Amino acid sequence: MTTTESSTLRAVALVCTLSPSPAPSSSQMLAEQTMAAFAEHGVTGSTIRIADHDVKPGVETDMGDGDAWPQIRAEVLAADILVLSTPIWLGHPSSLAQRVLERLDAEISQTDDEGRMLTYGKVAAVCVVGNEDGAHKVSADLFQGLNDVGFSLAPGAVTYWVGEAMQGSDYQDLDQTPEKTASTTKTLAANTVHLARRLSTAPYPPS
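First, a word on scope: everything that follows refers to the structure included in this document. Fair warning: this is a prediction, and the values are worked out from it, not measured in the lab.

**Section: the pairing of strand 5 (residues 123-130)**
Then step 1. With 8 of 8 residues buried, strand 5 is to be regarded as a mostly interior element.
Then step 2. Along strand 5, one buried face is formed by Val123, Ala125, Cys127 and Val129 and the opposite face, lined by Ala124, Val126, Val128 and Gly130, is buried too.
Then step 3. Direction of pairing for strand 3 (residues 81-89) relative to strand 5: parallel, over a ladder of 7 bridges. Bridge pairing in strand 5 places serine 85 opposite cysteine 127.
Then step 4. The parallel pair strand 5 and strand 6 (residues 152-162) is bridged by helix 5 (residues 135-148), and the resulting crossover is right-handed.

**Concerning helix 6 (residues 179-201)**
Then step 1. With 23 residues, helix 6 should cover 33 Å at 1.5 Å per step; its first-to-last C-alpha distance of 34 Å lies within 8% of that length.
Then step 2. Among all positions of helix 6, only Thr181, Thr185, Leu188, Ala189, Thr192, Val193, Ala196, Arg197 and Leu199 are buried.

**Re the packing of helix 4 (residues 95-104) against helix 5**
Then step 1. Orientation of helix 4 relative to helix 5, taken along the N-to-C sense of each, is 15 degrees, at an axis distance of 9 Å. Classified by the angle their axes make, helix 4 and helix 5 are roughly parallel. Relative to helix 5, helix 4 is oriented so that their crossing is left-handed. Mapping the contact onto sequence places Ala97, Leu101 and Leu104 in helix 4 and Leu142, Gly145 and Leu146 in helix 5.
Then step 2. Of the residues in the contact of helix 4 with helix 5, the class split is 5 nonpolar, 1 polar and no charged.

**Here we look at a nonpolar patch on the surface**
Then step 1. Residues Leu18, Trp89 and Leu90 make up a contiguous nonpolar surface patch of roughly 400 Å² in combined accessible area.
Then step 2. In this structure, leucine 90 sits in the loop between strand 3 and strand 4 (92-93).
Then step 3. Note on leucine 90: relative accessible area 84%, which makes it exposed.

**Quick word on the nonpolar core**
Most often, soluble globular proteins have nonpolar side chains that are buried together.
Then step 1. Counting 29 residues, the largest nonpolar core has Leu14 and Leu146 as its most contacted members.
Then step 2. Secondary-structure elements contributing two or more residues to this core are strand 1 (9-15), helix 3 (69-78), strand 3, helix 4, strand 5 and helix 5.
Then step 3. Looking at this core, the element that brings in the most residues is helix 4, giving 5 residues.
Then step 4. Setting aside its immediate chain neighbours within four residues, leucine 14 contacts Ile48, Ile50, Trp69, Ile72, Val76, Leu82, Val83, Leu84, Ser85 and Val100.
Then step 5. Core analysis: the next-biggest nonpolar cluster, separate from the first, contains 23 residues, Leu9, Leu30, Val83 and Val129 among them.

Definitions and limits used
Residues numbered from 1 in each chain as written. Predicted model: local features only at pLDDT ≥ 70, side-chain atom pairs only at ≥ 80, totals over all residues. Heavy atoms only, no water. Buried < 20%, exposed > 50% of the residue type's maximum accessible area, 1.4 Å probe, protein only. Helix = DSSP H or I, 4+ residues; strand = E, 2+ residues; numbered from the N terminus. Pairing = 2+ DSSP bridges. Right-handed = clockwise from strand over helix to strand, strands pointing away. Expected span 1.5 Å × (residues − 1). Axes fitted to C-alpha atoms, helices over the stretch in contact; angles between N-to-C directions. Parallel < 35°, antiparallel > 145°, perpendicular 65-115°, else oblique. Left-handed = near helix turned anticlockwise from the far one by under 90°. Contact = heavy atoms within 4.5 Å. Nonpolar A, V, L, I, M, F, W, Y, C, P; charged D, E, K, R; others polar. Patch = residues over 30% accessible without salt bridge, like charges linked within 9 Å, V, L, I, M, F, W, Y side chains within 5 Å. Areas by Shrake-Rupley, 256 points an atom, 1.4 Å probe, with all protein chains shown as cover. Salt bridge = Lys/Arg side-chain N within 4 Å of Asp/Glu carboxyl O. Core = buried A, V, L, I, M, F, W, Y, C linked by side-chain atoms within 4.5 Å.

If you want it as structure tokens, here you go:
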């Protein structure tokens with residue numbers, strides 16, 4: 001293993017369940033499984049449940065009045081990999097996932113000395129859970145938003161589980177993780193870490 005391959009990367013997962021801790025959350029569970037898959041590649045990191053923090057609405061880096069986003073933003077900027085984990089509600093990402101994207105919109109105007117967004121060189125991935133089909137649509141929404149604000153996405157950058165339509169099954173209530181979801185999570189981790197390592201040594205050129 002080369003020095004580059006063995007260098008430590010850091011990931012942060014923003015969990016966008018609508019339920020604050022300590023309520024159980026399938027989005028939290030899948031995010032933690034993804035972080036565990038990252039750990040197999042030597043990546044350290046942490047999860048942040050957005051509902052536990054007072055993230056103000058807006059499109060600035062700091063909305064003032066006790067806004068919790070500046071501290072969360074610092075975690076994102078200190079990481080090499082961002083994971084956005086969301087449930088599906090009414091066929092869409094959760095309102096908290098949308099709020100995270102809106103807050104990340106401020107990064108478009110935050111650039112380095114060569115005009116690149118501070119998020120350039122960072123890699124994103126997505127986790128989606130729900131009780132109806134729609135994971136592809138939700139991941140497409142998040143992919144576009146994350147790419148717009150400067151993140152790169154590797155092939156297979158989403159892992160998901162959706163239950164049978166019109167049923168009440170929940171991911172966290174399954175007896176065991178479905179093999180397809182588990183293998184997809186492993187692929188997400190391998191490809192995301194690979195891309196993050198490459199970008200850490202070969203950053204995008206200024207434009």
